[in-house]
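Structural description and commentary
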Amino acid sequence: MASKSFRVLPGFRLTLGYTLLYLSLIVLIPLAGVFVKTSTLSWEQFWHIITAPRALASYRLSFGASFLAAFVNVFFGIMVAWVLVRYEFFGKKVVDALVDMPFALPTAVAGITLTALYAPHGWIGQLLAPLGVKVAFTQLGVFIALTFIGLPFIVRTVQPVLEDFDPEIEEAAASLGANRWQTFWRVILPMLSPALLTGFSLAFARALGEYGSVVFIAGNMPMKTEITPLLIITKLEQFDYAGATALAVVMLVGSFAILLAVNLLQWRSSRHQAQV
Amino acid sequence: MGDTTTFLRATRREPHRRATAESPWVRRLLITGALLFLGIFLVMPLVSVFAEALSKGLGYCFHTFRDPLTLSAIKLTFIAAGISVPLNCVFGVAAAWAITKFDFRGKNILITLIDLPFSVSPVIAGLIYVLLFGAPGPFWTWLSDHNVKIIFAVPGIVLATTFVTFPFVARELIPLMQAQGRTEEEAARVLGASGWQTFWRVTLPNIKWGLLYGVILCNARAMGEFGAVSVVSGHIRGLTNTIPLHIEILYNDYNTTGAFAVASLLAFLGLVTLVLKTWIERKKSAALRAAEMDLIA
């Protein structure tokens, strides 16, 4: 009790009070408004809005393309992180800095650039057109944009783990007769998996909500290339606030569920490791 | 890193590679694969922004920038970032001070709540302010009676920008100040410094690189935000258009080169951000190492 009432450093009430006030005003109260607004709908109305065929098609695209993009990023993210940590090559520092580019490049800029690149006459589009592959204004375009957006997450979560990796573990695996591939698959990859899971979920959550980089390349055709955030905006522009809010609730619950699931998994795996 | 180089040189000289290294061709394959992936997904988009911007020559580029609509978009972007970044900076310092210098219940929940805006779609970030201050919202009658415009006006843009950049400074400072501990501040207090003196002379010099890092990232996002701002702006040309929204308008007007000219400004800003970020990262990790050495000693 005594240690609680006597604090050497000042400013506890001021800083905590300000933190809570500012957090409530900017984030918590406005976000709560979404749920308050939805409660004005009856359950039937709410259910009707969120299960409309157009809404269902947008979830399929948003969740599907985000999942696929995050999955592809896991594969290439490990490769890029591995190369940056383990090997030396010309221009490595520049490459390392460039990985964060999707964080620094505004999404609208990314959107129009990717569209220009993958349009039928673009630098990449004209190579794919003879093969019959259309990217811009298709679901493939959505996937490309989301891959771009999620790229740094996996690299940046795996990189520090690889840097701190104890070489003795790999030496032990080698001396027990494992070849490099077995060592990677059975020893290194399992130890990377918590970081991979974090990176995957961050990339996935980011891709789910992404708007700017997708709207330009997607073509935005209802039922085909319309992502959920765009459907929310469409409803807002038609002054259908209740409809927009209902979809927002679905997205919020979806992304909070992902974060919660990942936190639980990490908590379990850290407990598991502590027991071992 | 140094280890790896000497070790790679060693593998080249010796016919037998170490058991914990890959064969040279696997190494080359992986490097090529990674660079190819980054080349297609990162370098090509970046190069293409500038190539498209200059496709009608430098003159056209300048012409776009002399357009009053472009200039007003640039001005509004600076206003929005100029208000939201300092706000989140003060918040970040206050939150980090409360969280790292004191013990209280619910600290982890508070940290999670601070991170919340990162897991909210920018479109929803805009939507929440439309619901609160827009036509059907609880404040609408009062606002329209007093002729205060928030949605489809500058205050809404500032609010939306503040929301999406909310966690940047705080989440940068919290781990840094956690690692630095409380002993230096406590020593300053015991030696007679006031609270503010302690903050300005002891804490601030310790956290300056972390703070700057957070501010740089916060500013980059503030100037580039599209989705959230797009929902609350109303797209009134010359009045409520930020740079990213202006790019969209030019692009949809089939003025592709103009759109890319303005986009190249933001891409340049992004590159400057990356350079500053890399430079500060080095300073920051040095500060963190110093803090760790102090802890050991």
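Since we're looking at a predicted model, the values are computed, not measured.

Quick look at the overall build of chain B
Helix and strand counts for chain B come out as 14 helices and zero strands. The order of helices and strands in chain B, counted from the N terminus, is α-α-α-α-α-α-α-α-α-α-α-α-α-α. At 24 Å, chain B has a C-alpha radius of gyration far larger than the 19 Å of a compact globule built from 297 residues. Considered along the principal axes of its C-alpha atoms, chain B spans approximately 75 × 60 × 30 Å. Here chain B holds 297 residues, and the buried ones make up 51% of them. Partitioning the intrachain contacts of chain B with sequence separation of at least 6 by distance along the chain shows that 73% fall at a separation of at least 24. Each charge sign in chain B was given a centre, from 26 positive and 18 negative side chains, and these centres are 6 Å apart.

Brief notes about the nonpolar core
If you look at the biggest cluster of nonpolar residues, it comprises 175 residues, and the most contacted ones within it are Phe-148 of chain A together with Ile-114, Tyr-129, Phe-163, Leu-173 and Ile-247 of chain B. Setting aside residues up to four positions removed in sequence, Tyr-129 of chain B forms contacts with Ile-26 and Pro-30 of chain A together with Gly-134, Ile-151, Leu-159, Ala-160, Phe-163 and Val-232 of chain B.

Brief notes about the interface of chain B and chain A
At the interface, 88 residues of chain B touch 81 residues of chain A. Both sides of the chain B and chain A interface together cover about 7600 Å² of buried area, and 82% of this is carbon and sulfur. Considering only the side of chain B, the residues that lose the most area to chain A are Phe-37, Phe-41 and Leu-42 of chain B, jointly responsible for 8% of the buried surface there. There are two salt bridges connecting chain B and chain A. As a salt-bridge pair, Asp-100 of chain A and Lys-277 of chain B come within 2.4 Å of each other at their nearest N and O atoms. Taken together, the connections running from chain B to chain A amount to nine residue pairs in polar contact (both at pLDDT 80 or more).

Comments concerning the pattern of salt bridges
Applying the stated criterion across every chain, the model contains 18 salt bridges over all chains. Close ionic contact of Lys-235 of chain A with Asp-240 of chain A constitutes a salt bridge, the shortest N to O distance being 3.8 Å. Using a relative accessible area of 28% as the deciding quantity, one classes Asp-240 of chain A as partly exposed. As a salt-bridge pair, Arg-182 of chain B and Asp-103 of chain B come within 3.0 Å of each other at their nearest N and O atoms. Linking Arg-182 of chain B in the loop between helix 9 (168–180) and helix 10 (183–190) with Asp-103 of chain B in the loop between helix 4 (68–101) and helix 5 (107–115), this pair joins segments that are 79 residues apart in sequence.

Describing the confidence of the model for chain B
Confidence in the prediction of chain B, expressed as mean pLDDT, is 89, and 93% of residues score 70 or more. Here the predicted complex scores 0.90 on pTM and 0.90 on ipTM.

Structural notes on unusual backbone geometry
Residue and element names in this part refer to chain B. A positive phi angle, close to 60 degrees, is found at Asn-147, a residue other than glycine. Examined against the element boundaries, Asn-147 turns out to sit in the loop between helix 7 (140–145) and helix 8 (154–164). Despite not being glycine, His-235 has its phi angle at roughly 55 degrees, a positive value. Topologically, His-235 is positioned in the loop between helix 12 (227–233) and helix 13 (243–252). For His-235, a relative accessible area of 27% corresponds to the partly exposed category.

What about the side chain of Ser-84 of chain B?
All names here are of chain B. Mapping Ser-84 onto the fold places it in helix 4. In this structure Ser-84 comes out as buried when scored by relative accessible area, which is 0%. Once you skip the residues sitting within four places of it in the chain, Ser-84 turns out to touch Val-158, Thr-161, Thr-162, Thr-165 and Ala-222.

Some details on the packing of aromatic side chains
Residues and elements named next belong to chain A. Applying the stated rule across the entire model yields 30 aromatic pairs over all chains. Seen from their ring centres, Tyr-18 and Tyr-22 are 5.8 Å apart, and the 25 degrees between their planes marks the pair as stacked. Placement of the pair is Tyr-18 and Tyr-22 together in helix 2 (residues 12–38), with a separation of four residues, close to one helical turn. Given the relative accessible area of 28%, Tyr-18 is considered partly exposed. Overall, Tyr-22 belongs to the buried group, its relative accessible area being 7%. With a centroid separation of 5.0 Å and 75 degrees between ring planes, the pair formed by Phe-103 and Phe-153 is classed as edge-to-face. Taken together, the residues Phe-103 in helix 6 (residues 101–104) and Phe-153 in helix 9 (residues 139–163) connect sequence positions 50 residues apart.

Regarding the packing of helix 9 of chain B against helix 11 (residues 195–224) of chain B
Residue and element names in this part refer to chain B. The geometry of helix 9 relative to helix 11 is characterised by a closest axis approach of 8 Å and an angle of 155 degrees between their N-to-C directions. Viewed along their axes, helix 9 and helix 11 adopt a mutual orientation that is roughly antiparallel. For the pair helix 9 and helix 11, the sense of crossing is right-handed. Packed against helix 9, whose contacting residues are Phe-168, Val-169, Glu-172, Leu-173, Leu-176, Met-177 and Gln-180, the element helix 11 presents Thr-203, Asn-206, Ile-207, Gly-210, Leu-211, Tyr-213, Gly-214, Val-215, Leu-217, Cys-218 and Arg-221 at the interface. Residue classes in the contact of helix 9 with helix 11 are distributed as 11 nonpolar, five polar and two charged.

What about the packing of helix 7 (residues 107–118) of chain A against helix 9 of chain A?
Between two packed helices, the angle of one axis relative to the other and the distance separating the axes together describe the packing. Residues and elements named next belong to chain A. In contact at an axis separation of 11 Å, helix 7 and helix 9 are set at 135 degrees when each is read in the N-to-C sense. As the angle between them shows, helix 7 and helix 9 are arranged oblique. Considering only the axes of helix 7 and helix 9, their crossing is right-handed. For the pair helix 7 and helix 9, contact is made by Thr-107, Ala-110, Leu-114 and Tyr-118 and by Ile-144, Ala-145, Phe-148 and Ile-149, respectively.

Conventions adopted
- Residues numbered from 1 in each chain as written.
- Chains lettered and ligands numbered in written order.
- Predicted model: local features only at pLDDT ≥ 70, side-chain atom pairs only at ≥ 80, totals over all residues.
- Heavy atoms only, no water.
- Helix = DSSP H or I, 4+ residues; strand = E, 2+ residues; numbered from the N terminus.
- Rg over C-alpha atoms; globule rule 2.2 N^0.38 Å.
- Buried < 20%, exposed > 50% of the residue type's maximum accessible area, 1.4 Å probe, protein only.
- Contact = heavy atoms within 4.5 Å.
- Lys, Arg positive; Asp, Glu negative; His and termini not counted.
- Charge placed at Lys NZ, Arg CZ, Asp CG, Glu CD.
- Core = buried A, V, L, I, M, F, W, Y, C linked by side-chain atoms within 4.5 Å.
- Buried area = accessible area lost by both parts, 1.4 Å probe.
- Salt bridge = Lys/Arg side-chain N within 4 Å of Asp/Glu carboxyl O.
- Polar contact = N/O pair within 3.5 Å; in protein donor to acceptor, adjacent residues only side chain to side chain.
- pLDDT = per-residue confidence, 0-100.
- Phe/Tyr/Trp six-rings, centres within 6.5 Å; stacked < 30°, edge-to-face > 60°.
- Axes fitted to C-alpha atoms, helices over the stretch in contact; angles between N-to-C directions.
- Parallel < 35°, antiparallel > 145°, perpendicular 65-115°, else oblique.
- Left-handed = near helix turned anticlockwise from the far one by under 90°.
- Nonpolar A, V, L, I, M, F, W, Y, C, P; charged D, E, K, R; others polar.

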